[in-house]
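# Residue-level structure breakdown
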Amino acid sequence: MNTLTSPTWQLPRLHWAASGVDGQGDPTGPIHIGDTWHVFTDCARGWCHATSTNGVYWTDQPPLKLGGAASIGTGSWTQLPNGTYVALYCGGDGCGPSLECLGVATSDDPQLVDVYDHGIQAHAPPGLSWFRDPARGFILNHSRLCTVMGAGAHDCDRGGAKTALLCTNSLSDLHEWRYLGNIVSTFTRPDISAGAAGDGCDSGGPSCPDFFRLPASDRWALLMTYNNQRSSWFPPARWLVGSFDESSAAFVPEASGLVGGDFDYVPKTGASESGDRRLLWANIGIAPAQNHAHRGVLSLSRELSWEAGDDGEAFLAMRFIPELKVMRRPSPAFLSLAAGSDAIAPAPPPPPPSRVGDLALIPLRGTQLELRASFPALRPGETAAYGLAVLTAINGSRIVETTRIGYDPNWRSLFIDTRASCAGGEDVEESGPSGPCIPIPNAPRALRSYPLDVRASAGRLDLVVYVDGGLIEVCANNRSVIASFAQTSGNASDRAGVFGLSAAEGARVKVEAWLLRPAVQQE
């Protein structure tokens, strides 16, 4: 198993982590070949490699070593019209410790095991720093292979962070790359708008971009991880969607938003071979180590699409892939709530109390769960936060530990609150593995909030939550998918429920819950 240093009950069992590796990091340009998804991640041996036919169950493959004896960083895979597979990477022999260069490898092997490394083909252009992490290659004007790279993160005197565009002269020659400028020049936070003076030079700027055309759309998307050098944790990755003029290679952003939360790092996408689907994966850094972002697991598979909201505004929709249903165990639990009454079915023997504190409990216990909750529009002026509680421990009539996922109408934000996730173990009634809360450096128990306005969804809140040990992934209204990590004192923190209903008079909430079987075997 991946050697994550966490208590046994907190370790993910539904997420893939490379076997025998002391930490893994950024995903590298997933690619779909035949009926198989290939995902590569940064790791100590080069790029770790896994394959899946459904995006759920993953099988380790031999790692891929590129760049000679030196380390390599994040990169990508693409396929040329002649069938050749092309890997772009940063780092390698002669590149330097900051990995500021572009390397190229090719393969005619659909298993991506037999790969020829061409070595470094491009160094950073003069005056451009932090030139690294090439995105998936794309064909420009039917004649050139192009990529975008993070650049200029420390160029405070030259406009700050950029996203650089590089292209070959032809599809037949991958050895000469030309810097053609920047598809987006500068960034500001938090909106990361284009064309304005930015602070990317002090904050580290965007890195590990992904640039692609959206399925069934004429729009292009640019995903960026904002690599904040001054922060102890990584800010959320973001997306820009807009038009891309191939004749001038100009990208004009029209909308923006979040790709993930504080624990999602380097989101990368891959298109199905038919081109009708685009799936996304991110690294979720969870381990209690200083280099926490590179000691993580692969996120659950997510699908992207460009859709119109109830408010008429288009947005980048994100949802968990339906194939994840294969992890469900039989006999789901259902909870239907209305003001003043609870109806629960089925009732497990012995039935737990329907309410403890402010929680209406779901009659299913576990630390590997899928929860789907539908909250209707509240009355105008309603201000109480509401949502789901997970990883909750009960002692008699008291809630001892809990993590809450919900919506705050006052701030129009989605939140994950782990401040009460761990009581230290001494106050949990059930026996079993428990102990003190193990702190995670740079990831303390906290309230983390992300912008979400339910008015764009006619006031509804639809939550899909996957709980995997201490790891939590949340999708809200198909607009935000975020991850977090909750510390608990033991495996007795295995209950879930609904909170915030007392203020939602007359509203009905429906919750479905399933226990999940591990998607990967980790020993």
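For the structure, see preceding data.
Structural notes, computed from the coordinates. Keep in mind that this is a model prediction, so the values were computed, not measured.

Basis of the calculations
- Residues numbered from 1 in each chain as written.
- Predicted model: local features only at pLDDT ≥ 70, side-chain atom pairs only at ≥ 80, totals over all residues.
- Heavy atoms only, no water.
- Pairing = 2+ DSSP bridges.
- Helix = DSSP H or I, 4+ residues; strand = E, 2+ residues; numbered from the N terminus.
- Axes fitted to C-alpha atoms, helices over the stretch in contact; angles between N-to-C directions.
- Disulfide = S-S within 2.5 Å.
- Buried < 20%, exposed > 50% of the residue type's maximum accessible area, 1.4 Å probe, protein only.
- Salt bridge = Lys/Arg side-chain N within 4 Å of Asp/Glu carboxyl O.

### Topic: the sheet that holds strand 11 (residues 162-168)
Here 4 strands make up an open sheet; going across it, the order is 9-10-11-12 and the pairing antiparallel. The sheet is open, and its two edges are formed by strand 9 (138-140) and strand 12 (177-184), each paired on a single side. Sheet twist, expressed as the average angle between the axes of neighbouring strands with direction ignored, equals 40 degrees. Two elements, strand 10 (residues 144-151) and strand 11, share 6 bridges in a ladder whose sense is antiparallel. Along strand 11, the bridge assignment pairs Gly150 with Thr163.

### Examining the state of the cysteines
Per the counting criterion, the structure on display carries 3 disulfides. Residue pairing for Cys43: its cysteine sulfur links by disulfide to Cys48, the two sulfurs lying 2.2 Å apart. Sign of the S-S torsion, about 105 degrees for the bond between Cys43 and Cys48, identifies this disulfide as right-handed. Between Cys146 and Cys167 runs a disulfide, and the two sulfur atoms are separated by 2.0 Å. Across the S-S bond of Cys146 and Cys167 the torsion is about 110 degrees, and the bridge reads as right-handed. Of this pair, Cys146 sits in strand 10 while Cys167 sits in strand 11, and the two are 21 residues apart along the sequence. For Cys146, a relative accessible area of 0% gives the class buried. With no disulfide of its own, Cys208 lies 7.4 Å from the sulfur of Cys90, the closest cysteine sulfur. A relative accessible area of 2% places Cys208 in the buried class.

### Some points on the pattern of salt bridges
Evaluated as defined, the whole model comprises 15 salt bridges. Here Asp358 and Arg404 are joined by a salt bridge, their closest N and O atoms 2.8 Å apart. Here Asp358 is found in the loop between strand 24 (355-356) and strand 25 (359-361), whereas its partner Arg404 is found in strand 28 (residues 398-408), with 46 residues between them in sequence. The class of Arg404 is buried, set by a relative accessible area of 16%.

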